[in-house]
Every structure is written in C-alpha cells, then in structure tokens.
Amino acid sequence: MASKKDEKIEYVKNGKRLDGRKVDELRPLKIEVGVLDNADGSAYLEWGQNKVIAGVFGPKEALPKHTQDPYKARVKFIYRMACFSVPDRKNPRPARREIEISKVCSEALERAVFIERFPNSSIDVFVEILDSNAGSRAAALTAASVALADAGIPMRDLVASTGVGKAGGEIILDLNKAEEDAPDAVDIPIAIMPRTEEIVLLQMDGLMTKAEWKKAKELGIKGCKQVYEVQREALRKKYEAAEKPEAKKNPEAEKPKAEEKKTAAKKSEKVSK
Amino acid sequence: MASKKDEKIEYVKNGKRLDGRKVDELRPLKIEVGVLDNADGSAYLEWGQNKVIAGVFGPKEALPKHTQDPYKARVKFIYRMACFSVPDRKNPRPARREIEISKVCSEALERAVFIERFPNSSIDVFVEILDSNAGSRAAALTAASVALADAGIPMRDLVASTGVGKAGGEIILDLNKAEEDAPDAVDIPIAIMPRTEEIVLLQMDGLMTKAEWKKAKELGIKGCKQVYEVQREALRKKYEAAEKPEAKKNPEAEKPKAEEKKTAAKKSEKVSK
Amino acid sequence: MASKKDEKIEYVKNGKRLDGRKVDELRPLKIEVGVLDNADGSAYLEWGQNKVIAGVFGPKEALPKHTQDPYKARVKFIYRMACFSVPDRKNPRPARREIEISKVCSEALERAVFIERFPNSSIDVFVEILDSNAGSRAAALTAASVALADAGIPMRDLVASTGVGKAGGEIILDLNKAEEDAPDAVDIPIAIMPRTEEIVLLQMDGLMTKAEWKKAKELGIKGCKQVYEVQREALRKKYEAAEKPEAKKNPEAEKPKAEEKKTAAKKSEKVSK
Amino acid sequence: MNENVLWDLKADKVNGLAKQDKRVDQRALDEYRKIEITKNISENAEGSANVKLGLSEVVAGVKMILGEPYPDSPNKGTISVGTELLPLASEDFEVGPPRPEAIELARVVDRGIRESKTLDFKDLCIREGEKVWICFIDMYVLNNDGNLFDALGIAALSALLETKIPKVEDDKIVKGEYAGKLKLSRKPILSTFAKVGNKLFADPTLAEEKAQTARFSVSTSEDDYLCAFQKGVSGGFSGSEIDSCIEMAFKSSKEIRKQL
Amino acid sequence: MNENVLWDLKADKVNGLAKQDKRVDQRALDEYRKIEITKNISENAEGSANVKLGLSEVVAGVKMILGEPYPDSPNKGTISVGTELLPLASEDFEVGPPRPEAIELARVVDRGIRESKTLDFKDLCIREGEKVWICFIDMYVLNNDGNLFDALGIAALSALLETKIPKVEDDKIVKGEYAGKLKLSRKPILSTFAKVGNKLFADPTLAEEKAQTARFSVSTSEDDYLCAFQKGVSGGFSGSEIDSCIEMAFKSSKEIRKQL
Amino acid sequence: MNENVLWDLKADKVNGLAKQDKRVDQRALDEYRKIEITKNISENAEGSANVKLGLSEVVAGVKMILGEPYPDSPNKGTISVGTELLPLASEDFEVGPPRPEAIELARVVDRGIRESKTLDFKDLCIREGEKVWICFIDMYVLNNDGNLFDALGIAALSALLETKIPKVEDDKIVKGEYAGKLKLSRKPILSTFAKVGNKLFADPTLAEEKAQTARFSVSTSEDDYLCAFQKGVSGGFSGSEIDSCIEMAFKSSKEIRKQL
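Residues numbered from 1 in each chain as written. Chains lettered and ligands numbered in written order. Predicted model: local features only at pLDDT ≥ 70, side-chain atom pairs only at ≥ 80, totals over all residues. Heavy atoms only, no water.

Could you give me a rundown of the packing of helix H1 (residues 96-112) of chain C against helix H2 (residues 136-150) of chain C, with the residues and numbers involved?
Residues and elements named next belong to chain C. Two elements in contact, H1 and H2, have axes whose closest approach is 11 Å; the angle formed by their N-to-C orientations is 40°. The pairing of H1 with H2 is recorded here as oblique in orientation. In this structure, H1 crosses over H2, and the sense of that crossing is right-handed. Across from Arg-97, Ile-101, Cys-105, Ala-108 and Leu-109 in H1, the residues of H2 making contact are Ser-136, Arg-137, Leu-141, Ala-144, Ser-145 and Leu-148. (Axes fitted to C-alpha atoms, helices over the stretch in contact; angles between N-to-C directions. Helix = DSSP H or I, 4+ residues; strand = E, 2+ residues; numbered from the N terminus. Parallel < 35°, antiparallel > 145°, perpendicular 65-115°, else oblique. Left-handed = near helix turned anticlockwise from the far one by under 90°. Contact = heavy atoms within 4.5 Å.)

Shown next, in the form of structure tokens:
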C-alpha cells in the first residue's frame, strides 16, 4: 500500500546499496536459541530491524480430535505481528495477511519435520513479530525452524529462508523497506532445505522477466545458505552452553525430549479411547 | 430503506404494469435441474432479474450431536446473497435479514419433506443469490424445493413460492423492485404446497385492508400454482434427459439415492455408538 | 471518560451531600426476592437510580465437560448492561468492563458459596442492569447474592457490597454519578461477608492517601453491613410470604431445592459416563 | 425427570385438551393472559416499559441517538430494533450472539412498527442529508412462558409512546433536556396464534408452543389495517385459518390497545 | 464407503498413472480442462462472470464503491478481493468465516491482478486525498473439482474486463448510469501445477490435488512478465521444476487468454 | 505425569513452606524476584520495553495515533491498553480473542496508569474537539512464571517513559520525526500479593499462584498515593491484610522505581 518513491533513486551505486550492503549481502542476522522457559523450544532472532520470537510446543495430541491425522502430525504455525511492530498501529485481530503467511509457513515446515513419526499429533509453532522492516516472514520461518530443532523435533533439515528480489532494475538479496518501496520492486520470499536445495516456500509479487527470476533464484538460494550457517552456529552455541551446566537458565526444568513425549502421547491416547 | 417514488405513478394502466405485465402475471421464470456436480441435488433459477443457485446435501448425520432429533431430520436452509447481487455491495457477513429468511424457509421446507423418515439426520440446503430484484426469497425457496426433489428426498409435495402485494392501490402478483418502492407498497412472500394449498410461508410488510388481503391471498395462491408448473416441468425435463444417458454430464458419478443413504446413516450411527 | 466538573463544588456542606444524604448514608435501597418464574432463584433491586435484576440457575452439570472441576463447583457470574441503561446507548456486545466485572464478582461469590459441595457443577448467576447511576457492580453483586440464597444454594454468608470513596476531599459512602465526577473522585467498590468482615471484592480508582483509605475502609464495611440488613429483610419477607400459600405467584411450580438437585446431578453423571 | 420429557408430557396435555376446545389454564381459545404494563422503568432510557404477559416478562427501552441518514433517504431518520433472550429468562437461553430466534423476534417487532407507518421517519430528520435521529429500541426477555412476540410488541410500543426527544444544540444532545415527545400516529398491536391440532390458540403459553405445529403473527392497527404477517414453525395453515387469526387479532388488539 | 477412503483410492490411481506420464482423464500433463466463460451473470454487478474449468465452477462479480484513499497514496484507488467456498460446492466446505484456504485463494488472485499493474490505481482516483474507487471483486465457488486458483483467476479477470465505472455526481453514484469501462492494460493469467510423484500436472483435478505433494501457481502476462508466485502444500520443488512450471504457464496462458 | 497433578504437587510444597514463613526459591515473603528492563526493543514503537521478572517475561510497546476526542472531553486525549497472553508463553494460553484473564490484566494496568494522573490527558490534545492523541499501549506475555500484573505494569510504565511524540503537520503524522517526549508526572508501580495459607507473598511465582487463595494488587506513587486496587481469586482478605499489602507495596515500589 506504500507510495512508491521518486523513480530516479539509484538502488545500487558503485556496487553498494542505499544502506551500504552489496547486492548479495544479508542484513545483520543474529539468532539466540532457547530463550523462553516454558516453551519446549524457542529462538529469538534479529535481522536488520526485524525482531522475532518463536516458541514451539509438542509433539502433543492434536485437539480437537477431528483435526487428528492417523498418518502424521500437523505443524500448526501461527505468525502474528505485535500491534506496535509496524509504522501504523496494527489492529490486534489477525489480518488476512497473517493467516496466509501462517498457512504457507506451516506447509514449508511440514516438509522438513518427520511428521510421519507422530501420528495424531500437533506440533505448535508460535511466532511473534516485535519489530519489522521487510522480510518478517523469512525471519519468522528461520526462527521457527531453529526453535523446532531446539525442541528436539526430528527434522530432515533446517528450513532457511530469505527475501530476494528487484529494486531499480537490480536483482538484490534481502530487500529492506526502502527497496521494497521501489517503483519496480519485486519481492520474493523463498525458503529451502539447504542440503537438497528443495524449495519449500516460494512467493512473488511484482513484474519480472524469466531471466531476472533465474538470477533471483540463484541469489535467493545462496542467501538461504548464508542464513543456514547462522542457524547452525546458533544451535551449536546452545549445545555447547548446555554442556556447561552453570550456563543453564533454569537447571531444574528438565524438558522431556520429543521422542519420549511421543510415547507419552501414545499412552494417553490409549487411555482416552 | 429505499426512497419512495413520486406518488403520481400509475402502477397499472390499461391492465398493464410498468414492465408490461398483467396484474396476475409472473416475471419470466426458468429453472434448470441438476446443475452442480458435487451436490446431491441442485437447481439454477432465473426469475426476472433474480438469479439463484441451490444445492442440497443429505440426509446425513446431523452434527454436532446435540442438534440431532431422534424423531426426525432437520432441514438446514442457508440463504445468502453474493456481495455483488444488490445495488450497493453487501457486506460479506450474514445480515440479520439473511438469517431470518433462512429460518422461515427452513420451516417451510420441513413441512414438505418427510423429515420423520430420517431421525438424527440433517438435510442441508444452500442457496446463493447471484443477482436480485425483489422476490429473492420466493426464488430461493422455489429453487431449493426443486433441488430437494433432484436429491431424491421424499416430499409430500413441492413447495412453490411467489411474492404478491400492492402498489399504487392495485393488488398485483410478483412485484418487481420498482413496484416494491411504491409509496403504498405491500409485499407478501407466500409459499404453499400446491396440492393442498397449505400455506407454509407467509410474511407481510405494509398497510393493507382485509379485503385487499383476501384478493392478494387468492392471487398469491394462483401465482404459486403457476410456479409449481414450472418446477414440475423442469424436473420432468431432467428425468427425460436422464433416460438418454449421453446427455448426462458425468456418467461415472452415480449418486446414492436418499433412501439408500438413510440406511447407511443408520449403520454409521451404530458404529459410532 | 466524563468531564470533571468545576472544582469549586462543595460535595459536603453542613454535613449534607448534594443530594441531601449524610456522608455515611446509602441511597435508598430496595430488594425484592423471587421475581422470576423460570430461574431457580432471583432478585430485583433498586438502589438510587440503579435497577438490577438477577437470576440464578444451578447447581447443574458444568458444560462443556472440560470446564468441570472434580473438587468444586464454579460460579459463573455474567454482568451485562441493557443498551438503554446508560446515558449514551451501550453497544450490545459485551464490553471489556463488563467482562472484568463478571470475573471479579464470580470470584467474590465463590468465596461465599460452599462450592466444594458441588463437584463438577456450575452455578450460573446472570445479572442485567436496567438502569444505572454509579455503583451498578455493587448493586449487581448484592442482588446476585440474594438470588443465590433464594435458589437455596448453601452459603457461608451473604455477600454485601457497596461503593465508598472520596469527592471534594470528603470520604463518603455510596457515591452517586455527580460525586463520581468530582475532579478528585476516588471510587472503591467493596464487598464483604458481613459476619467475618472478610473482604471478597475490592477495587479502587483514583488518588488517595493511606489515611483516607483507612477511613474509607471503615465506612465501606459499615455500609456493607447496612446493605446486609436490607438483604436479610428481603429474604425474611419472602419466607414469610411463602408460608402464606395464597401469596405465591405460581403455587404449582415447586422448585427442587439445591441439595436435592445435587443428588440428581450426581445420578445423571453416572448415566452419562 | 429429563427436561425434554417433561415438556413432551405438557405438550401431550395441551394436545389432549385442544380436542375438547380447552386450554390448560382454562382460557378461551381466543383469550389473552393478563397483561401488566409498567412504564418508565429506566431513567437513562428516553422511554421504557416492562410488560408481563401471564408469566412471560420482557422490558424494552428506547435511546434516541444522532446519526447520518442513508444516502437514498436523506430526509429520514430510522429505527433499529434488537432483542436479547437473557439467560436468566430460561434454561434454554445462552450467553452469546443473538440466535435466529432472537433475530426473528426483533425483525417482526421492527416490521410491525415500521410498516404501520406510526412513525413518520421525516419527523426524525434534524438536517437533511446530515443529521437524523436513530431510534434504538432494545428489548430483553426476563422470563419466557411463551408468546414473546406479543409481549415484545407491546413493550416496544409502550416504550415508544413514552419516548421523549432529547434537545439538540450544535449537533449535540443536551443531556437531561427534551424537545418534546415522539409522535406516533398509530398503535400497531402484534397478535400471535398457535395451531394446536386443528385449533387456533391466541397468546400461547410455552407449553402450548411446545405443542404447536405452526405459528402465525399479525400486526393490526386501530384503523383496521393489517401491518405485518409472520408465519413460523414447521407446519402450515389453510387460507381460512389465516383469516380466522386475522379476525381474532383485530378483536383482541382492541382490548390490548386500551391498556397501553 | 468412507469418503476419505474413496479419495485415497482415487489418489492412488492418480499416482499409479503418473508413473506412466498419464492422467485419469487422459489429458496431457500440460493440458487444461475445457474452459467455459459466461459473462455478465449479474446485472447488479458492475462486471461479472461465471467460469467452468472442467467440473469446477466459480463466479466473480465486481462492485465499484466510493471510498477514501489510504493516507500514504492519496491519488490512488484500490482493489479488494474476497473468496467464499460455498457449502453447496463441496461436502468439505462449511458455513462460517473464511478459512485459511479461502483467504489464500483470494490473496493469490489479488496479487496476480494487483502486481501485474494491469490496473493503474491512479485511474481509480476521483479527487486526490478525498474520493477514490474501491474495486471489490467477490468470488464464489459453486462446484469444486480442483484448481480453484486458476478458475477464480480467470473469473476475476473476466469480470474486470466487463466492468463499467458508475457515473458520479456530487460525490454520489448515479444508479444505472456509467462513465465508461475499467481500463486494463494487461491480462495476467494464473496457472497452477500439481506435483504428483515427480511429475508436474497442469490444471489439477480434485483427485490429482489429493495425490499432489506440492502445488505451484504462477501469474504471467502477455508481455512475458511473471507477476506472482505461490507455492503451497507440504512438499517441495527443485529450482528446475519451478522453471518447468513457468515454461508451461507461459504456453497455456496464451491459450486461455484467447478465450477471454 | 499429568500437568495438573504436577502443579498440585508444586502448590502443596508452596503451602508447606509457607507455614514456616518460607518460599520455594528462598525469597523473603516481601521480596521481589530479579527485574531486568530492556528499553526500546522495537523501532516501530514510539516507546517500548522488555521486562523480565524472574522467569516471567513480557514486552510493551506504545503507538501514538491521531484520533478524535470523546464528545464529553473535547480537550483530552486518552490511553488504550491491551494485553495478549501469547500461546508461546505457556501451554495454558491459546490463540483467540482475549480471555477474561487478559482483559483483567489490561484493565488493571490501565487504571494504575490512568488514575495516578501521571499523564495529563490535556497534553494529548492537538486541537480541541477535533484532534487528539490516543496512546495505545500493547502488551504481550512471552513467558509466564507468575505475577504478570507487576511485570506488565513495569513494562507499560517503562515504555511510556521512553515514548516520543511524533511530529504532526496538516493533521498528519510526519514519519520518523518527533516533537518531544511524553510527559509523565508520576511513576505508579503495581505491586501484587498472593495470600498463601495466612501468609502474604510479594511477587508470587506461578507455583505460588497455584497455591494462593486470594490475590491483591495495589498501584502506588512516589508521592505516597494509592492509585488503584484490584482484589482477585476466590478467597478473601481481612482489612488488616490489605493494609499489610499496602505497606509492603510502598516499600517494594520504591526499589522498583529506582530500576526504571
């Protein structure tokens, strides 16, 4: 809805973008794992101005009963923006945009999680956007995938996501808000499982040629892989910290691992039948 | 809510109405049976400018459980208007008017259907108004009743409906929008089971004398009987077409008849207990 | 939200308030018991301009099932204002204020009712405000507690409530709207079980010193005890009337006593298991 | 005993007596229960009334609110009618958004008033195209023993008959001051009939409603107009049954009108 | 037989044939079902169309409504797209607020149109900062046999191509008079593909959707632009699969565009 | 082990220790957990803060929005406070409209601020009768380990203390420019106490809340005013218990105020 700026802006000048980044450079990305005490897994992520918190619960019995699938778990992904996370205050009721993003991110994560190991279960992923500036869905999905790993949910691979697109005729990685407001802007949220490069989320808005898309695709996959490194590093740090017990926030609160939970879930199913 | 027009309009002049009809003449009425592939029964109806589509599912187990009646089926009738079917765009949320019409039409159809043969069941009738110009509830009920017959639901009789009323002091059949906007307009939606002339829907808005009502009643019943002929003709055409197999839209998709379904429903009830 | 009046108003002059009351005087209070035929217990209350009707149903099986507590009953208190009960028309949807009041009044009544005697049950208390002028929650709680007694629900004590507070620097009992609009107004809804003076509801809005609070507390408890007398008198009248059968509104309609209902509830639980 | 079974027994009794032209409370078939009207039950309302019809009890209150006219009737105000079936009125009523039953009640009462033209909506215009009165009639059911249609109809009319129009200055309502009373040119009365077996009962009780196969409501005016009809419940009427209802309605509405 | 089991069997058949590059209805993998477009199905709409895509059937209608512009684009109107999955279209659809499926459909159709820049939103401005057109596109699914994305995309575009702009006087719409047609500079076509096994099916039927592991939709224009993408369902695509979809989309959209 | 059983055991432990004037985490009865305040956690907010109170964690953010004043206070802006119990904060919280718990939290925080008169609502007036600031304070619970009242109260106040007022030109907000900071004249602190057995615990943990029979919150100012009370949970307090809570609140709020 934002008004497009004067068309004469050069979005890339001498190889540098308006914020000084190179065309294939991500905004600063920082991930912290295991930040919430009650959630089974969690992550806090800062990506440029975006600030995102993700928490995971499950696998647990899917409720209401009619949502259960006897062959697999569902991944329930809920993406929400804090009212103050956008320039104009967001209405607290979930917007259609939030519902659509939740749906496509659920589907992306279901590809990565071994959902077939948890029949009749739900794996609930909640992400709250605390601050935003273009690319919040990539930030949400990236954080969620780390939180799933933190919860011990078995996965084929992490899901790594980024935005890629076009501004001022240039194909660039990880657009910020100013670039997204370019008159010819194209925004492509993409997510892959980096080991196989399988694309699990892909959306696009704007006018672009096939040639531009091919360039953007390469750049997007490359960007996801950079994101992947940050995700892995964050998880590595958490595990290292876990080996030094004094670093633990709340040593008493031992969380059951997902695999154990699965057995528990099965037992409770028997009882409830 | 519409503003009433200049009072000097003559709504009937030399036996002709503004649109050329006689006082006891319906607007052109056309019904097509079996137009939807997934519904158990369906009908498309054009009546003047009104365009209506009706689909029927059932009898099937009524859900949630607490809505089940061990003595009979319920007829769930949902009347809705497409946002673009009225001069000003309709809000997509169901209006109170739509909810009231759904209620009185449900009740009208329950009289006609042998609901006592389908305990604990629901017969769902959905009608969408695609275009409207006075008389859309009569159109909806008329279409729905044909769709029920198409679904093989056993009925005492079809329900035939029309509007009747007053404009410019004249008692006329099947008012259009211009006539409904007359300063002294009276609108009377009426529906009967034509064989017995039993009145199953009757509403009225406006000021009329007893004498006017008696005249309107006669005319309304007469009008319903004309509608009935069109309904029967439409069903006859469908059955004739059904005998020429090449005319069938989707010969593979054999639909179970309602009576067979009933047995199936009973079985599944046993299982679910 | 109301605009505060000119600060020069003297709220107490020669020991008299604007409406002629003394500082420790309640507005006229009138309670009638057993005014509704279908409810298990009911009361109608007038308190100054406030007019309130309360109806009680239960104890009955708490539904949906997941709301049941195997150790005790819940008291579900619903406080609602009629759209016409306030100077500007109230939106018919429950306001956040109504939801909060319902919550704190539920909690106040749960202290008074022997909820532990009715496991898995719900005691439903509905209060509708028909007219209001400051103090409607105290009126609602006072009426509800009488309606509970009328329903034969066993209670530790009645809950008696009033407002107390400050206007124009004076600590006064049972503020009316004009007093609540004082620039320095403090409003303190308080409810106690009078026999033990245990405080079961306490809220406060406004700026007051500890010394003012202590004075207000004394006055509030004193006020609640005056309310208690009116409650007891109203119940006494009802019982006396009950002994003269001709005074009964509907002699045929014998209501089962709560204790009998309890047994019935237990039986139906067995059946439903 | 199960609540439904109890009502089934009551309905059986109603049906049994109906065959002998009798009613459980010994009323004649066309006889109304006792009506008690208490006006001005809420000072905050511009007009209000409590109505008891036998053991059924309802309240109605009117608030006059400033609003903008509809674009297609710039010189007219309007009315808006709402009904709530309060859960204290019956074990069958629940907290929550209005059910179809409540919506039907509100809309039938609305039509009975609106279509009788008792209010000239032009009287509700303050400044053409800009400011008009919206007359909100909010109704609440306090106890349900049947025939809420008629009880609410009487309550709404009684509240309107008392309604004072607030004084307006600079497009704002001056609180507590009034510029006169709302003008009503007719007193439309809603009369409802239950078909039990092949009999028609005026003013049905709840037990009679459980026994009815069809319901018919008609709004009539003192100058012999029919203003609104509403047929309900999954049964039908013959044309002559409808005419009988109309005859009874004209008669009983005269009696009710006297009590307003 | 249980409904789900039936669909499982149908999906099995789809999967089995896919291995031999075949489809149940004998179409080629990149072949669309028969498309029937009926325009102007509602006189009250400013533009409307019914679209049958095989046995899938949808309608779309456009209403042009006067509104205020967003503060940050005072000289632009806008579009608003809604979808309802009518319960008469499938036993799986229910009465109630739109589900995520319906929201996704509406938003993808919206982006396909909006991002193609076929509409110049400045054309929809009546008076800067004050009055603009809001072009409401409301779509309804009448029968679901798969690929609602493309059916709705075609219906929305067809309705827009017919849309007349109402005449405006004194900031009000003059009913029944028009000031010309809506100007569209492109015809973006949405093309959707199902991944079944390792095959890509254009225009999937409902049975094929039950068998698909992933879905990809792409909106393309006649001047060789990509306008929007949407990947769905819990499976993934390789980069080259996406490129294959894009190639097929450019080809099939040309054929569809001819039928508009 | 069943979740509820686990909490019952924890509550038993709390109750057992309470008899010896002890708490599970060895705090004194009137002692608060460690408070960590991080300000400006969102650039899009005009002011924001993250607050950790032990293991409870919340965020609050302020948005200053232009609106119209209420007709009866034309020269005053206002505040609006909302709370969401995010489902990531506890297995007990669910997606959906705010529950009574969330509404109570928001309203008590609102009153603590509003009634302390720390904000002069006249400062929030831009043009009498036409344009005022509405100060939206939106709060989110990220982790619940008890005493959300106090955590949210501190977060809301911290966010307000940072709040910049946007620059306004031609009745529109100039994005990214500010006309100064919000003026607060007091720092009201909410202090909450749990009654466990006959003991009063300041700043209860979630386990202590499971054991409490009653809850009392009091908002106090640095100039020795009481600004708001809220009693909760189905138990009662004696008058002297309330007074003890008030004494403790004045003491602990002084410490908390230093950390702002």
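If you had to explain helix H1 (residues 96-112) of chain A to someone new, which residues and values would you point to?
Residues three or four positions apart in an α-helix share a direction because the helix packs 3.6 residues into each turn. With 17 residues, H1 of chain A should reach 24 Å at 1.5 Å per residue; the first-to-last C-alpha distance of 25 Å fits that figure. With respect to burial, H1 of chain A is a largely interior element, 13 of its 17 residues being buried. (Expected span 1.5 Å × (residues − 1). Buried < 20%, exposed > 50% of the residue type's maximum accessible area, 1.4 Å probe, protein only.)

A description of the environment of Leu-29 of chain A should follow, citing residues and the corresponding values.
Residues and elements named next belong to chain A. Looking at where Leu-29 falls in the secondary structure, it is placed in strand E3 (residues 29-33). Considering only alpha carbons, one finds Leu-29 and Lys-51, 22 residues apart in sequence, at a separation of 10.0 Å. What Leu-29 contacts, discounting residues up to four positions off in sequence, is Leu-45, Glu-46, Trp-47, Val-227 and Val-230.

Hey, could you go over the interface of chain B and chain D for me, with residue numbers and the actual values?
On the side of chain D, 42 residues touch chain B, which itself brings 31 residues to the contact. Our count for the chain B to chain D interface comes out at six salt bridges. Two residues, Glu-104 of chain D and Lys-103 of chain B, come together in a salt bridge whose shortest N-O distance is 2.6 Å. Inspection of the region where chain B meets chain D yields 19 residue pairs in polar contact (both at pLDDT 80 or more). Looking at which element gives the most residues to the side of chain B that touches chain D, the answer is strand E11 (residues 198-208) of chain B, with eleven residues. Here the residues of the side of chain B that touches chain D are counted per class, giving 13 nonpolar, four polar and 14 charged. Two elements, E11 of chain B and strand E12 (residues 226-232) of chain D, share four bridges in a ladder whose sense is antiparallel. Across the sheet, the residue bridging to Gln-203 of chain B is Gln-230 of chain D, located in E12 of chain D. (Salt bridge = Lys/Arg side-chain N within 4 Å of Asp/Glu carboxyl O. Polar contact = N/O pair within 3.5 Å; in protein donor to acceptor, adjacent residues only side chain to side chain. Nonpolar A, V, L, I, M, F, W, Y, C, P; charged D, E, K, R; others polar. Pairing = 2+ DSSP bridges.)

An account of the interface of chain E and chain B is needed here, citing residue identities and associated values.
Interfaces are often sized by the accessible area lost when the parts come together. In this assembly, 28 residues from chain E lie in contact with 30 residues from chain B. Contact with chain B buries surface across chain E, with Asn-44, Leu-88 and Glu-91 of chain E losing the most and accounting together for 25% of the total. Across the chain E-chain B interface, the total number found is three salt bridges. The shortest N-O distance in the salt bridge between Lys-175 of chain E and Asp-88 of chain B comes to 3.7 Å. Linking chain E with chain B are 15 residue pairs in polar contact (both at pLDDT 80 or more), by the criterion used here. Of all the secondary-structure elements, those providing two or more residues to the side of chain E that touches chain B are strand E3 (56-67) and strand E6 (131-143) of chain E. Looking at which element gives the most residues to the side of chain E that touches chain B, the answer is E3 of chain E, with seven residues. (Buried area = accessible area lost by both parts, 1.4 Å probe.)

Tell me about the nonpolar core, and name the residues and values.
If you look at the biggest cluster of nonpolar residues, it comprises 128 residues, and the most contacted ones within it are Phe-77 and Val-125 of chain A. Per element, the largest residue contribution to this core is eleven residues, and it comes from helix H3 (residues 148-162) of chain E. When sequence neighbours within four positions are dropped, the list of residues in contact with Phe-77 of chain A reads Ser-102, Cys-105, Ser-106, Leu-109, Val-125, Val-127, Ala-140, Leu-141 and Ala-144 of chain A. (Core = buried A, V, L, I, M, F, W, Y, C linked by side-chain atoms within 4.5 Å.)

Describe the packing of aromatic side chains, with residues and values.
Overall, the coordinates contain 15 aromatic pairs over all chains when judged by the stated rule. Residues Trp-213 of chain C and Phe-229 of chain F carry aromatic rings whose centres are separated by 4.9 Å and whose planes lie at 85° to one another, so their mutual orientation is edge-to-face. Taken together, the residues span two chains, with Trp-213 of chain C in helix H4 (residues 210-243) and Phe-229 of chain F in strand E12 (residues 226-232). Each member of the pair Trp-213 of chain C and Phe-229 of chain F is classed as buried. Across from the ring centre of Trp-7 of chain E, 4.4 Å away, lies the NZ or CZ of Lys-10 of chain E, which sits over that ring. A cation over a ring is seen here: Lys-164 of chain E above Tyr-178 of chain E, with NZ or CZ 4.5 Å from the ring centre. (Phe/Tyr/Trp six-rings, centres within 6.5 Å; stacked < 30°, edge-to-face > 60°. Lys NZ or Arg CZ within 6 Å of the ring centre and 35° of its normal.)

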